Amino acid sequence: PTPRSYQREAVSKWIDNGFQGIFEMATGTGKTLTSLFAVNEFMKKSEHNLIVILVPFVHLIDQWEKNINLLFKD
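Below you will find a few notes about this structure. Remember, it's a predicted structure, so these values are computed and weren't measured experimentally.

1. Quick notes on the side chain of asparagine 67
- Tracing the backbone through its elements, the reader meets asparagine 67 in helix 3 (residues 59–71).
- Residue classification places asparagine 67 among the buried residues on the basis of a relative accessible area of 10%.
- Setting aside chain neighbours within four positions, we find asparagine 67 in contact with Thr32, Leu33 and Leu36.

2. So, the packing of aromatic side chains
- Across all of its chains, the model carries 2 aromatic pairs by this definition.
- Geometrically, the ring pair formed by tryptophan 14 and phenylalanine 19 is edge-to-face, given 5.3 Å between the ring centres and 90° between the ring planes.
- With a centroid separation of 5.5 Å and an interplanar angle of 70°, the aromatic rings of phenylalanine 19 and phenylalanine 42 are classed as edge-to-face. With phenylalanine 19 in the loop between helix 1 (5–16) and helix 2 (31–45) and phenylalanine 42 in helix 2, this residue pair connects regions lying 23 residues apart in the sequence.
- With relative accessibility at 28%, the residue phenylalanine 42 sits in the partly exposed group.
- Aromatic ring contacts, followed pair by pair, group Trp14, Phe19 and Phe42 into a single cluster.

3. Concerning the pattern of salt bridges
- Applying the stated criterion across every chain yields a total of 2 salt bridges.
- The residue lysine 44 makes a salt bridge to glutamate 41 at a minimum N-O spacing of 3.1 Å. Residue lysine 44 and its partner glutamate 41 are both found in helix 2; the two are separated by 3 residues, about one turn of the helix.
- Residue classification places glutamate 41 among the partly exposed residues on the basis of a relative accessible area of 24%.

4. Overview of the environment of leucine 70
- Residue position: leucine 70 is located in helix 3.
- When its relative accessible area of 40% is taken as the criterion, leucine 70 is described as partly exposed.
- Residues leucine 70 and leucine 33, spaced 37 residues apart in sequence, show a C-alpha to C-alpha distance of 9.5 Å.

5. Looking at helix 2
- For helix 2, with 15 residues, the first-to-last C-alpha span of 21 Å sits near the 21 Å given by 1.5 Å per residue.
- Among all positions in helix 2, only Thr32, Leu33, Thr34, Ser35, Leu36, Phe37, Ala38 and Val39 are buried.
- In this fold, the buried residues of helix 2 make contact with helix 1 and helix 3.

6. Considerations on a nonpolar patch on the surface
- On the surface, Met43, Ile51 and Ile53 cluster together into a nonpolar patch covering about 210 Å² of accessible area.
- Within the fold, isoleucine 51 resides in the loop between helix 2 and helix 3.
- For isoleucine 51, a relative accessible area of 34% corresponds to the partly exposed category.

Reading the values: rules and limits
Throughout this description, residue numbers start from 1 for each chain and increase along the sequence as written. Given that the model is predicted, a residue must reach a pLDDT of at least 70 before its local features are reported, and side-chain atom pairs must reach 80 or more before they are shown or counted; all residues, however, enter totals for whole chains, interfaces and linings. Remark: hydrogens and water are excluded; side-chain values derive from all non-hydrogen atoms of the structure. Counting from the N terminus, the helices are the DSSP runs of H or I reaching at least four residues and the strands are the DSSP runs of E reaching at least two. Only protein chains enter the accessibility calculation, which uses a 1.4 Å probe. A residue is then buried if its area is under 20% of the maximum for its type, exposed if over 50%, and partly exposed in between. Residues are treated as being in contact if the distance between any of their heavy atoms lies within 4.5 Å. Ring pairs are drawn from Phe, Tyr and Trp, using the six-membered ring of Trp, whenever the two centres fall within 6.5 Å, and their geometry is named by plane angle: stacked under 30 degrees, edge-to-face over 60, tilted for the rest. Salt bridge, as applied in this entry: a Lys or Arg side-chain nitrogen positioned within 4 Å of an Asp or Glu carboxyl oxygen. Given the number of residues in a helix, its expected span is that number minus one, multiplied by 1.5 Å. Nonpolar side chains (Val, Leu, Ile, Met, Phe, Trp, Tyr) within 5 Å and like charges within 9 Å form the patches, drawn only from residues with over 30% relative accessible area and no salt bridge. Accessible areas in this description were obtained via Shrake-Rupley with a 1.4 Å probe; residue shielding takes into account the shown protein chains only.

Put into structure tokens, the structure is as follows:
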């Protein structure tokens, strides 16, 4: 998938803020994918990476796993 314009803008602002911040977006707008687009940009800038994803509810693990597999296929 490719980011939508508002996702690109969110990632760009996150990068401009030193790779820090919180995405505040409406339900269904792709926060998970936006976050993974941001992770991808961070990984391009740093040689050594450790990415930790924490979710507040167990059911969100499946959502994250699906999106990670979608974006970071072997």
